[in-house]
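Chain by chain, the residues run as shown.
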Amino acid sequence: MDNSWLLKYKPKNLTEVTGNKTVIKNIDKYINSLYKGIESKHIVMITGSIGIGKSLIARLVLEKYNYRIIELNSSNLKDDINIILNNSIRYKNVLELFMDDNRKTAIIVEEIESMCSLGSKSNLNDLIDLIKKSEKKNPNYKDKIKIPIILTCNQSTEKKVNILRKLSTEFILKKPTVLNISKLLNNII
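Here the structure is a predicted model, which is why all the values come from computation and not from measurement.

Parameters at a glance
- Residues numbered from 1 in each chain as written.
- Predicted model: local features only at pLDDT ≥ 70, side-chain atom pairs only at ≥ 80, totals over all residues.
- Heavy atoms only, no water.
- Pairing = 2+ DSSP bridges.
- Helix = DSSP H or I, 4+ residues; strand = E, 2+ residues; numbered from the N terminus.
- Axes fitted to C-alpha atoms, helices over the stretch in contact; angles between N-to-C directions.
- Buried < 20%, exposed > 50% of the residue type's maximum accessible area, 1.4 Å probe, protein only.
- Patch = residues over 30% accessible without salt bridge, like charges linked within 9 Å, V, L, I, M, F, W, Y side chains within 5 Å.
- Areas by Shrake-Rupley, 256 points an atom, 1.4 Å probe, with all protein chains shown as cover.
- Salt bridge = Lys/Arg side-chain N within 4 Å of Asp/Glu carboxyl O.
- Parallel < 35°, antiparallel > 145°, perpendicular 65-115°, else oblique.
- Left-handed = near helix turned anticlockwise from the far one by under 90°.
- Contact = heavy atoms within 4.5 Å.
- Nonpolar A, V, L, I, M, F, W, Y, C, P; charged D, E, K, R; others polar.

1. Some details on the sheet that holds strand β2 (residues 68-73)
Here is step 1: Strand order in the open sheet made by the five strands is β2-β3-β4-β1-β5, with parallel pairing throughout. Taken across any chain shown, the strands that pair with only one partner, and hence form the sheet edges, are β2 and β5 (169-172). Here the average twist between neighbouring strands, direction ignored, is 20°.
Here is step 2: Relative to strand β3 (residues 105-110), β2 is paired through six bridges, and the arrangement is parallel. The residue bridging Arg68 from the neighbouring strand is Thr105, located in β3.

2. Overview of unusual backbone geometry
Here is step 1: If you check the backbone angles, Asn20 has positive phi at about 55° while not being a glycine.
Here is step 2: Classification of Asn20 by relative accessible area gives buried; the value is 17%.

3. Considering a nonpolar patch on the surface
Here is step 1: A surface patch of nonpolar side chains, about 310 Å² in accessible area, is lined by Trp5, Leu6 and Tyr9.
Here is step 2: Residue position: Leu6 is located in helix α1 (residues 4-9).

4. Focus on the packing of helix α7 (residues 124-135) against helix α8 (residues 159-167)
Here is step 1: Running from amino to carboxyl end, α7 crosses α8 at an angle of 20°, the nearest separation of the two axes being 11 Å. The angle between the axes of α7 and α8 places the two elements in the roughly parallel class. For the pair α7 and α8, the crossing hand works out as left-handed. Contact with α7, carried on its side by Leu124, Asn125, Leu127, Ile128, Ile131 and Lys132, involves Lys160, Ile163, Leu164 and Leu167 of α8 and no other residues of that element.
Here is step 2: Of the residues that constitute the contact of α7 with α8, the class distribution is seven nonpolar, one polar and two charged.

5. Some remarks on the pairing of strand β1 (residues 43-47)
Here is step 1: The buried count for β1 comes to five of five residues, which makes it a mostly enclosed element.
Here is step 2: Here β1 shows a buried face lined by Ile43, Met45 and Thr47 and a second buried face lined by Val44 and Ile46.
Here is step 3: In terms of strand pairing, β1 meets strand β4 (residues 149-153) through five bridges, oriented parallel. Its bridge partner lying in β4, Ile43 is registered against Ile149.
Here is step 4: In this sheet, β5 lies alongside β1 in parallel orientation, the contact comprising four bridges. Each residue of the ladder has a partner; that of Val44, found in β5, is Thr169.

6. Side note on the pattern of salt bridges
Here is step 1: Evaluated as defined, the whole model comprises three salt bridges.
Here is step 2: When the shortest N-O distance is used, the salt bridge between Glu71 and Arg59 registers 3.0 Å. Here Glu71, found in strand β2, pairs with Arg59, found in helix α3 (residues 54-64); they are twelve residues apart in sequence, far enough to count as distant.
Here is step 3: A relative accessible area of 37% means that Glu71 is categorised as partly exposed.
Here is step 4: With a closest N to O distance of 2.9 Å, Arg165 and Glu170 form a salt bridge.
Here is step 5: Residue Glu170 is classed as partly exposed on the basis of its relative accessible area of 28%.

Below you can see the structure in the form of structure tokens.
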């Protein structure tokens, strides 16, 4: 399939995203408060239907604040998520050391519900444990998550996904309305 049409009309910033304006505005405010150090809960979950734009919105909002983005797709994640997250959260990036890249880092973990289908092979327990350690009343400095971790999830009712919901700030994207789609098509035409 030729994706050139999709790429041509893919939103390049948050204002170009069709629908969910209030939710997107709230995600933007929340990430801004994390960037400024106001908010302390660094785990964000964006949920919604397949193809609604969860990962795109996560990327666009992080790009707006000039974060260095590390994207992990949980369905393709073969390595130990604990090692990957710990290294990303706690250690200076090679770019920072050699190129004076002082941007803050953020992580996007896509499709967390697919980790549930792996059963005991899943790294989801490691992710939950990492977040719980960070959320303790007085966590060790090394256990505290200080960078945004955005989890994307389809509408799932899996037990472990529900645990992650309780440990994160959740934003729910709704399907676009007929009016949203009509405006988008008029802009394209």
